[in-house]
Amino acid sequence: MSTSAHSPAEPLTTLPGAARADGTVTDRLVAANARYADEFTDPGMDARPVLHVAVVACMDARLDLHDALGLELGDCHTIRNAGGVVTDDVIRSLTISQRALGTRSVILIHHTNCGLESLTEGFRQELEHEVGQRPVWAVEAYSDADQDVRQSMQRVRTSPFLLHTDDIRGFVFDVTTGLLREILPTA
């Protein structure tokens, strides 16, 4: 049973230019894009976020960041990954966001009941055993979302590549209530 508003079990019957008669999820998304493009008008924006903020959050499908934060198209840069943890690639994106595109603030959002809380670095060993090669990336699993937000804030604050580290705030989003709870950095 799916909790999504769009059931993945729904068959695709009418897809403009569909490659397969039975249709795939990707076919459905491409068809939705065709409908979107029919009504689309260029908003005339550039890549610089209106609010000069970058949001780093988990990729979890339960987080609708724009609705949860009252954001509109063009307001922010959104950087998402498993857990919303600050990795080297997040620092890369934040550096480009700040230095080339004018953001000044960073909001970090983890959430309750995150899938990373049930993983360990053993996941990498399992992958290595299965495919014969160990991933070069760390899982970045954690058991305490509050502490991981603090660690992520510290990684942003101490990065030598970022120009603006005075407005870095971290939160945990409650997936059952929709509320953000602010996490204060360690002293």
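See the structure printed just above.
Here's what I pulled together on the structure shown here. (Residues numbered from 1 in each chain as written. Predicted model: local features only at pLDDT ≥ 70, side-chain atom pairs only at ≥ 80, totals over all residues. Heavy atoms only, no water.)

Some details on the sheet that holds strand β5 (residues 180-183)
The following threshold applies: Two strands form a pair only when DSSP identifies at least two bridges running between them. Helical segments are the DSSP runs of H or I of at least four residues, strand segments are the runs of E of at least two, and each set is numbered from the N terminus. Axis definition: a line fit to C-alpha positions, over the contact stretch in the case of helices; interaxial angles, taken between N-to-C directions, run 0 to 180 degrees. Throughout, a residue-residue contact means that at least one pair of heavy atoms, one from each residue, lies within 4.5 Å.
Spatially, the 5 strands line up as an open sheet ordered β2-β1-β3-β4-β5, and their pairing is mixed. In this open sheet, the two strands that pair with only one neighbour each are β2 (76-81) and β5. Each neighbouring strand pair of the sheet contributes to a mean axis angle of 25 degrees, computed without reference to strand direction. Two strands pair when backbone bridges link them, and strand β1 (residues 53-58) and β2 are joined in this way by 6 bridges, in the parallel orientation. Each residue of the ladder has a partner; that of Ala-54, found in β2, is His-77. Packing against the sheet, helix α3 (residues 88-99) makes contact with β1, β2 and β3 (105-111), and its axis sits at approximately 175 degrees to β2.

A word on the nonpolar core
Operational definition: Among buried residues, those of type Ala, Val, Leu, Ile, Met, Phe, Trp, Tyr and Cys that are joined through side-chain atoms within 4.5 Å constitute a nonpolar core. Accessibility here uses a 1.4 Å probe with only protein chains present; expressed as a share of the type maximum, an area under 20% marks a residue as buried, one over 50% as exposed, and anything in between as partly exposed.
If you look at the biggest cluster of nonpolar residues, it comprises 23 residues, and the most contacted ones within it are Val-56, Leu-94, Val-106, Leu-108 and Val-156. Of all elements in the fold, only β1, α3, β3, α5 (145-157) and β4 (168-173) reach the threshold of two or more residues within this core. Top element by residues in this core is α5. It accounts for 4 residues. In this view, Val-56 contacts Ile-79, Gly-84, Val-90, Leu-94, Val-106, Ile-107, Leu-108 and Ile-109; residues no more than four positions away in its chain are not counted. Counting residues in each nonpolar core, the second largest holds 10 residues, with Val-55, Ala-57, Ile-109 and Phe-173 among its members.

As for the pattern of salt bridges
Pairing is possible between side chains that carry opposite charge, provided their charged atoms lie close to one another. For the record, the criterion: Definition used for salt bridges: Asp or Glu carboxyl oxygen within 4 Å of a side-chain nitrogen of Lys or Arg.
Scanning all chains against the criterion turns up 7 salt bridges. Ionic pairing is found between Arg-92 and Asp-89, a salt bridge with its closest N-O pair at 2.6 Å. Placement of the pair is Arg-92 and Asp-89 together in helix α3, with a separation of 3 residues, close to one helical turn. Classification of Arg-92 by relative accessible area gives partly exposed; the value is 46%. Notably, a salt bridge pairs Arg-169 with Glu-182, separated by 2.7 Å at the nearest N-O pair. Taken together, the positions of Arg-169 in strand β4 and Glu-182 in strand β5 put the pair 13 residues apart, joining distant regions of the chain. Its relative accessible area of 35% is what places Glu-182 among the partly exposed residues.

Focus on the side chain of Ser-152
Summarising the element assignment, Ser-152 is placed in helix α5. With sequence-adjacent residues up to four places away left out, Ser-152 is seen in contact with Gly-84, Val-85, Val-86, Leu-108 and His-110.

What about a nonpolar patch on the surface?
Our working rule: What goes into a patch is any residue over 30% in relative accessible area without a salt bridge, connected to like charges within 9 Å or, for nonpolar side chains (Val, Leu, Ile, Met, Phe, Trp, Tyr), within 5 Å. Per-residue and other accessible areas were derived by the Shrake-Rupley procedure at a 1.4 Å probe size, with only the shown protein chains allowed to occlude residues.
Where nonpolar side chains cluster on the molecular surface, the patch consists of Leu-119, Phe-123, Val-136 and Trp-137 and spans about 410 Å² of accessible area. Summarising the element assignment, Val-136 is placed in the loop between α4 (122-131) and α5.

Here we look at helix α1 (residues 25-39)
Just so we agree on the cut-off: By this rule the span expected of a helix is its residue count minus one, scaled by 1.5 Å. In this description, one arc is meant: the one made by directions from the helix axis to the C-beta atoms.
Between the first and last C-alpha of α1 there are 22 Å, a value that for 15 residues agrees with the 21 Å anticipated at 1.5 Å per step. Residues of α1 that are buried include every one of Asp-27, Arg-28 and Ala-31, and no others. All buried residues of α1 lie within an arc of 100 degrees about the axis, which places them on one face of the element. Facing away from the buried surface of α1 by more than 90 degrees, the exposed residues are Thr-26, Leu-29, Val-30 and Tyr-36.

Some points on the packing of aromatic side chains
Our working definition: Stacked, tilted and edge-to-face pairs are distinguished by plane angle, under 30 degrees for stacked and over 60 for edge-to-face with tilted covering the rest, among Phe, Tyr and Trp rings (Trp via its six-membered ring) whose centres lie within 6.5 Å.
Applying the stated criterion across every chain yields a total of 1 aromatic pair. Judged by centre distance (5.5 Å) and plane angle (45 degrees), the ring pair of Tyr-36 and Phe-40 falls under tilted.

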